[in-house]
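Observations on chain architecture
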Amino acid sequence: MSESDRFHPNVPGVAQSDRLVPINLRQSGSTPVQMLISTRVRKSPFWHMSIEAGCWRAEVYNRMYHPRGYVRPEDGGAMAEYDALVNRVTLWNVAVERQIRVRGPDAEAFVNRVITRDASKIAPMHGKYTILCNERGGILNDPVLLRLAEDEFWFSISDSDLGMWLQGVNVGLGHDVEIEEIDVAPVQVQGPLSEDLMVDMFGEAIRELRYYELMESELAGCSVVISQTGFSGEKGYEIYLRDATLNAEAMWYAVLGQGARFGLRVIAPAHHRRIAAGILSWGQDMDAETSPFQVNLAYQVPREKEADYIGRAALEAQRDRIEAGDYPFDLKLAGLKMGGAPITDYAPDFWLIARPDGTRVGYVTSPWWSPELECNIALGYVPWDMTEIGTKCLVELPERYTAQSGQPVAGEVVKVPFRPSAHPSAREQARAAGRNVAE
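Residues numbered from 1 in each chain as written. Predicted model: local features only at pLDDT ≥ 70, side-chain atom pairs only at ≥ 80, totals over all residues. Heavy atoms only, no water.

On to the overall build of the protein chain, then. Of the regular secondary structure elements, the protein chain holds nine helices and 21 strands. In summary, the protein chain has a C-alpha radius of gyration of 22 Å against a globular reference of 22 Å for 439 residues, a match within 12%. Dimensions along the principal axes, computed over C-alpha positions, put the protein chain at roughly 65 × 55 × 45 Å. For the protein chain, the residues scored as buried account for 55% of the 439 residues in total. Counting 44 positive and 60 negative side-chain charges, the protein chain places the centres of these two groups 2 Å from one another. (Helix = DSSP H or I, 4+ residues; strand = E, 2+ residues; numbered from the N terminus. Rg over C-alpha atoms; globule rule 2.2 N^0.38 Å. Buried < 20%, exposed > 50% of the residue type's maximum accessible area, 1.4 Å probe, protein only. Lys, Arg positive; Asp, Glu negative; His and termini not counted. Charge placed at Lys NZ, Arg CZ, Asp CG, Glu CD.)

Counting buried residues in helix α5 (residues 194–202) gives seven out of nine residues, a clear majority hidden from the surface. Taken together, the buried positions of α5 are occupied by S194, E195, L197, M198, V199, M201 and F202. Lining the buried residues of α5 we find β11 (184–190), β12 (214–219), β13 (222–227), β14 (236–242) and α6 (244–259). Remark: G203 follows α5 within two positions and exhibits a positive phi of approximately 95 degrees. (Contact = heavy atoms within 4.5 Å.)

Glancing now at the environment of V86. Looking at the secondary structure, you find V86 in helix α2 (residues 77–87). Sequence separation between V86 and D159 is 73 residues, and the spatial gap between their C-alpha atoms is 25 Å. Contact partners of V86, with chain neighbours within four places excluded, come to P192, E234, R273 and R419.

For the rest of this paragraph, the subject is the environment of Q228. Mapped onto the secondary structure, Q228 falls in the loop between β13 and β14. By relative accessible area, which is 3% here, Q228 ends up buried. Distance in space between the C-alpha atoms of Q228 and Q190 is 9.8 Å, their sequence separation being 38 residues. When residues no more than four places from it in sequence are discounted, the contact partners of Q228 are L209, R210, Y211, Y212, E213, K235, G236, Y237 and H423.

Another aspect to go through is the environment of V409. Take V409: it is sitting in strand β21 (residues 409–414). Judged by its relative accessible area of 9%, V409 falls in the buried class. Taking the C-alpha atoms as reference, V409 lies 28 Å from R68; in sequence the two are 341 residues apart. Residues contacting V409, with those up to four places away along its chain left out, are M338, G339, G340, C393, L394, V395, L397 and T402.

Here we come to the nonpolar core. In this structure, L25, I139, W154, M286, V295, L297 and Y363 are the most contacted members of the largest nonpolar core, which totals 55 residues. Those elements giving two or more residues to this core turn out to be α2, β8 (144–149), α7 (271–277), β16 (331–338), β18 (360–370) and β19 (375–383). For this core, the leading source of residues is α2, giving five residues. Once residues lying within four places of it in the same chain are set aside, the contact partners of L297 are Y129, I131, I139, L280, M286 and P292. Counting residues in each nonpolar core, the second largest holds 38 residues, with V199, F202, M251 and L264 among its members. (Core = buried A, V, L, I, M, F, W, Y, C linked by side-chain atoms within 4.5 Å.)

Before going further, it helps to spend a moment on the sheet that holds β16. With antiparallel pairing, six strands are arranged side by side around a closed barrel as β16-β19-β18-β17-β20-β21. When strand polarity is set aside, the average angle formed by the axes of neighbouring strands in this sheet is 40 degrees. In this sheet, β18 lies alongside strand β17 (residues 352–354) in antiparallel orientation, the contact comprising three bridges. The residue bridging L352 from the neighbouring strand is Y363, located in β18. (Pairing = 2+ DSSP bridges. Axes fitted to C-alpha atoms, helices over the stretch in contact; angles between N-to-C directions.)

Glancing now at the sheet that holds strand β5 (residues 126–129). The five strands are arranged β5-β8-β9-β4-β10 in an open sheet whose pairing can be described as antiparallel. If you trace the sheet from one side to the other, it starts and ends with β5 and β10 (178–181), each paired once. Neighbouring strand axes in the sheet, compared pairwise and without regard to direction, differ in orientation by 20 degrees on average. Alignment of strand β4 (residues 99–103) against β10, held across four bridges, turns out to be antiparallel.

Overall, the coordinates contain ten aromatic pairs when judged by the stated rule. For the ring pair Y346 and W368, a centre distance of 4.9 Å and an interplane angle of 85 degrees mean the geometry is edge-to-face. With Y346 in the loop between β16 and β17 and W368 in strand β18, this pair connects stretches of sequence that are 22 residues apart. Its relative accessible area of 24% is what places Y346 among the partly exposed residues. (Phe/Tyr/Trp six-rings, centres within 6.5 Å; stacked < 30°, edge-to-face > 60°.)

Take the packing of helix α3 (residues 107–114) against helix α4 (residues 162–173) next. It is the contact of α3 with α4, at a shortest axis distance of 11 Å, that shows an interaxial angle of 110 degrees. Taken together, the axis directions place α3 and α4 in an arrangement best described as roughly perpendicular. Residues F110, R113 and V114 of α3 pack against W165, L166, V169, N170 and L173 of α4. For the contact of α3 with α4, the per-class residue count stands at six nonpolar, one polar and one charged. (Parallel < 35°, antiparallel > 145°, perpendicular 65-115°, else oblique. Nonpolar A, V, L, I, M, F, W, Y, C, P; charged D, E, K, R; others polar.)

This next bit is on the pairing of strand β20 (residues 392–396). Relative to β20, β17 runs antiparallel, the two sharing three bridges. Residue A354 lies in a different strand from β20, and its bridge partner there is L394. Sheet analysis places β20 next to β21, joined by four bridges and oriented antiparallel. Residue pairing in the sheet places K392 in a bridge with E412 of β21.

Below, the structure is given as structure tokens:
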């Protein structure tokens, strides 16, 4: 079989010639296994307090245990957590966003070499959502990049070993920088009441903090950095705790105490809400074998950036082919509305997408029920010719979500985001301004 004819051995209709390691599309369902807790995987400074708050399930993210559920299914499960997020305020343990610091005289030059956007345009005490690509244009990570000073950046990373990659890259580049993980752990405070709670904790200056702007402060005697960012599409903030292994309890309980009168609830990161906002999850919606042009991140590939960066030649070649009408990939990420009973928990498999005639051609990466839209929504990969808004498809959901066993539900390609966010993303801002790249 040639490289261009590679298909998944279990689902032969879904072309995956873009990939060296195909996505596993076998529909194995939810498997009754217990996570082993051992010392091979790190417990974050907030882990024991997450357990105290009711965490009953977790996964591994960035080699760290990651809480993924607090409300038990019999008490409303993930949708009860969703209600707290969209109507009140929530606290998330996101220490798995490990902080990789790049500091030194060449910090800006080094960071500019590894991200696709222009690091020189990030002012101190500001941040940006960024991507880093390999030489083939595959997305290695999509961190929030914080610039603390002229010579200091923090990569707040998603789920991959980016710190080791950055250190390895600089062995060849030889920039005068220190690259190391630091003892900083973030929490997120998200929801419509988050601003009032943050003002209670940090003062009226919070109201002046703009989207992706940073400020230094203290809470319970602990030094923190605050950003107006989040993974939810709701109004929200992140609190980056310095010396986290020493200060975790003091800060966590201070947030809980101040948040009590606002109805604060500790929840897991809100994938149900981030899907509606069109926010991507690395490892689920994209990975190192995915191009930004496949996942609606073309705005992260600027035309006018002066400095060279890793992956630039490959990405510009891809863009040239696309603009010439020759889409170079088998599949592209699209938004879907679909039928079926409400999906109110995480999908254990990449559910299959078919053409209206039943031919399997793609797969769902992130599905959930939208109470506001009163239907299931999803992100999923389909062939280029199925990405036009209004294109019909079929989705093969598990039996518990279908009216008739073995029968797929109807789906339709729709615009993303599915519903408005408190802050439009850089992609939406670029579109509104008539640009196809972010500033």
